[in-house]
Amino acid sequence: MSLPAVLLAAGSSPSPTPSESTPSAVRTIQEAQQSATNAASWVEQNWSTWLAIGLRVLLILVVAGVLRAVVQRAITKLIDRMTRTAEAVDGTSLGGLLVNNERRRQRSQAIGSVLRSVASFVILGTAALMVLAAFQINLAPLLASAGVAGVAIGFGARNLVTDFLSGVFMILEDQYGVGDTIDAGVASGEVIEVGLRVTKLRGTSGEIWYVRNGEVKRIGNLSQGWATAGVDVTVKANEDLDRLKSTLDEVAEKMSAEEPWNELLWSPIEVLGLDSVLLDSMVVRVSAKTMPGKSLTVERELRWRIKRAFDAANIRIVGGATAPADEEEPADATAAVAAPSVLSNPESPQSEAATPLVQQRPATK
């Protein structure tokens, strides 16, 4: 249909009379007034419930915020007290080795971070559930869904959860810290950073190992307590034991009195005696307790001094479990060549004896 036809049809329709429009307007006003009256009465009946719910939610949020702030402040004070207690043992020799500033700082930060995160999660999670309960929301489906989601996430990220929990217990139990030299099974080296998921080690060649805490089944801390430096000296079996022991005692006494070895050695260097005796050699064991992580340094210096002392005392150190033979004349180069067999000569008695017998034929007539 065209636009002029539409306009013509609209113009030809009769306009409403005032008598028809007035009742319709009156009904509209009455309906609006009735709706406003119903809304006002509904608000009047429920405003107290809304106010109670609002005040309850506000009270829950205020209490949760105050409780979270108080708990976090208490955790911070607890961590500071632990740090001050660790600083109190810095005056002792062992305390200065077990605890250092970087180790205390990282351990305190890690423990404080874990405790604050757990406290915030528990307090805020409980407050959220109480707020939902204040609005009369059924929490059973929500808790069931959260449980299913937690199980699914736990199965999917079980390695991450294992690493995190292992890191928490390693830090809380102070199994190792920054500056310690450890053997973690999968890698060994000096600890340069301790995290909740990964521990960073620097190997002997300078490489950096990233070890997941969940993969560590055993830890050998080489930087706590004391270490043992042991040196095995292999000499000829005919050496004089008294002269040998007196030479080693002289080396030990001189080394223990010099710096810096007098600080690295935590016990006198002892000649433990013969570790093994073979046919033409014997092994003498020398041992001492040292500062943690300094055993290799002491062993190298001790070998150096023993070698120089033995050279001066004309005591020969052999290079293996069996000592070489005494100095003799050079062996003949043909001595190792086997002599020709007598069987190679067909006229020798041995060759004739080994010759098969020839069956003699009977003479013909």
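Scroll up to find the structure.
Calculation notes
- Residues numbered from 1 in each chain as written.
- Predicted model: local features only at pLDDT ≥ 70, side-chain atom pairs only at ≥ 80, totals over all residues.
- Heavy atoms only, no water.
- Pairing = 2+ DSSP bridges.
- Helix = DSSP H or I, 4+ residues; strand = E, 2+ residues; numbered from the N terminus.
- Axes fitted to C-alpha atoms, helices over the stretch in contact; angles between N-to-C directions.
- Contact = heavy atoms within 4.5 Å.
- Buried < 20%, exposed > 50% of the residue type's maximum accessible area, 1.4 Å probe, protein only.
- Salt bridge = Lys/Arg side-chain N within 4 Å of Asp/Glu carboxyl O.

Considerations on the sheet that holds strand β6 (residues 227-236)
Next, step 1: With antiparallel pairing, three strands are arranged side by side in an open sheet as β6-β8-β7. Lying at the two open borders of the sheet, with one neighbouring strand each, are β6 and β7 (270-277). Neighbour-to-neighbour, the strand axes of the sheet open up by a mean angle of 25 degrees, direction not taken into account.
Next, step 2: As defined by bridge partners, β7 adjoins strand β8 (residues 281-290) across six bridges and the pair is classed as antiparallel. Across the sheet, residue G273 finds its bridge partner in β8, namely R285.
Next, step 3: The sheet strands contacting helix α7 (residues 241-257) are β6, β7 and β8, and the helix crosses β8 at an angle near 25 degrees.
Next, step 4: Sitting on the sheet, helix α9 (residues 295-312) touches β6 and β8, and the angle it makes with β6 is about 25 degrees.

Quick look at the side chain of S287
Next, step 1: Relative to the assigned elements, S287 resides in strand β8.
Next, step 2: Since its relative accessible area comes to 15%, S287 is described here as buried.
Next, step 3: Excluding residues that lie within four positions of it along the chain, S287 makes contacts with T228, A229, G230, P268, I269, E270 and L272.

Overview of the pattern of salt bridges
Any two side chains of opposite charge can pair if their charged atoms end up close together.
Next, step 1: Counting across every chain of the model gives eleven salt bridges.
Next, step 2: Ionic pairing is found between D232 and R285, a salt bridge with its closest N-O pair at 2.8 Å. Residue D232 is located in strand β6, and its partner R285 is located in strand β8; the two are separated by 53 residues in the primary sequence.
Next, step 3: We note a salt bridge from R243 to E239, for which the minimum N-O separation is 3.4 Å.
Next, step 4: For E239, a relative accessible area of 14% gives the class buried.
Next, step 5: Each of D163, R212 and E215 takes part in one network of salt bridges that share partners.

A look at the pairing of strand β3 (residues 198-202)
Next, step 1: Counted residue by residue, β3 has four buried out of five residues, so it is predominantly covered.
Next, step 2: One ladder, built from four bridges, connects strand β2 (residues 188-194) with β3; its direction is antiparallel. Residue pairing in the sheet places E190 in a bridge with R202 of β3.
Next, step 3: Where β2 folds back onto β3 in an antiparallel hairpin, the turn is made up of three residues.

By themselves, these figures tell us nothing about what the structure is for.
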